[in-house]
Amino acid sequence: MNIRAMERQRMVFRFEAPGDRPPLFDPEIIQEARTRLLLTFGILNLGICLLAGGAGYFLAGKTLRPIQEMVDEQKRFITDASHELRTPLTSLRTEIEVAMRDKKLTANSARKLLESNLEEVVHLQLLSDSLLSLATTQTVAKNAYTTFTVTDLIEVSLKKVSGMAKKKKIEIKKQLTNAFILGDKQALGEVIVIMLDNAIKYSQKSSSVTIKAIKKNNSVQIHVIDQGIGIAKHERLSIFDRFYRADKARAGGETSGYGLGLSIAKKIVEEHQGTISVSGNTETIFTVVLPQAKASD
Ligand code: ADP
């Protein structure tokens, strides 16, 4: 028998003596239980604190992530935009400064300078319009969508690029079907114009561009096909990024683009639960797929 047990027995004997009232519990056991209880509660509290802290940190991170992504995206947008604006502005400034330093500037060279400046200003205007469109592109609310035919949508868009096509003597061929689309007609018209505008811009003079509309399952496919300069396979995903211009387009000296059209188009198409992609080997095929609607939608 160990010392503690003997002690306990002695106490029991002592309390067995007549007149003594035995204690209800052994004080040592109570003390031991209290210590154990305190320790358990301490560990439990610590665990709860750690768990609550961890969960709070995780949930806060999850809630803040989209906000952080939006802030990052806006920063990237501003950086890209200022970078694009800097080049034509620098060129404008340099031209003007050089001309002002020239004491023998003739009326003829001043006129040429103004013409060149005007060209830069037109480009800057185009760029600022595209930037504004990209920043504010928001199709009308879904409950304000209207139903229209794909033929109507394409015909309206064709009118907008006909002048440009005529200038390059490009024939636009149509193969249209009648299907309904539910959406923002103006925004989707812009998508068609962007694709046609590119097809004409990156095609040789006196060539042709085809626009097709096909019904497939529950969707409408719109294809814009050209036989122009083409797009390298490794660049086919990047062309939908803001400010991206493929090597061929840059090398070809096409100055009227800023690499914004397709990113605007992608944004609009995705807002309509559609997709936009590019394919083709000898020709360039841009395809937009949109959900088909019913006439009564
Ligand atoms: P951009 O104003 O430069 O045409 P986009 O965003 O509309 O801007 O197009 C991005 C890039 O994709 C263009 O710079 C060009 O390199 C390429 N691209 C678009 N459409 C065509 C096409 N039909 N043929 C060849 N390249 C194209």
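Residues numbered from 1 in each chain as written. Predicted model: local features only at pLDDT ≥ 70, side-chain atom pairs only at ≥ 80, totals over all residues. Heavy atoms only, no water.

## A short note on the site of the ligand
Thinking step 1. Taken together, 21 residues form the shell around the ligand, and within it Asn198, Tyr202, Arg245, Ala246 and Leu262 come nearest.
Thinking step 2. A distance of 2.9 Å is found between a nitrogen atom of the ligand and a side-chain nitrogen or oxygen belonging to Asp226.
Thinking step 3. Coverage of the ligand by the protein chains reaches 97% of its 530 Å² of free accessible surface.
Thinking step 4. Of all the elements in the fold, those that place two or more residues in the shell around the ligand are α5 (185-201), α7 (261-271) and β7 (284-291).
Thinking step 5. If you tally residues by element for the shell around the ligand, the top one is α5, at 3 residues.
Thinking step 6. Of the residues assigned to the shell around the ligand, the class counts are 12 nonpolar, 6 polar and 3 charged. (Near = heavy atom within 4 Å. Polar contact = N/O pair within 3.5 Å; in protein donor to acceptor, adjacent residues only side chain to side chain. Areas by Shrake-Rupley, 256 points an atom, 1.4 Å probe, with all protein chains shown as cover. Helix = DSSP H or I, 4+ residues; strand = E, 2+ residues; numbered from the N terminus. Nonpolar A, V, L, I, M, F, W, Y, C, P; charged D, E, K, R; others polar.)

## As for α7
Thinking step 1. Every buried residue of α7 is accounted for by Leu262, Ser263, Ile264, Ala265, Ile268 and Val269.
Thinking step 2. Those residues of α7 that are buried lie in contact with α3 (107-136), α5, β6 (275-279) and β7. (Buried < 20%, exposed > 50% of the residue type's maximum accessible area, 1.4 Å probe, protein only. Contact = heavy atoms within 4.5 Å.)

## Remarks on the packing of aromatic side chains
Thinking step 1. Under the criterion given, the structure shown has 1 aromatic pair.
Thinking step 2. When the centroid spacing of 6.3 Å and the interplanar angle of 70° are considered together, the rings of Phe240 and Phe286 count as edge-to-face. Of the two residues, Phe240 is situated in the loop between β5 (219-226) and α6 (247-251) and Phe286 in strand β7; the sequence distance between them amounts to 46 residues. Side by side, Phe240 and Phe286 carry an identical accessibility label, which is buried. (Phe/Tyr/Trp six-rings, centres within 6.5 Å; stacked < 30°, edge-to-face > 60°.)

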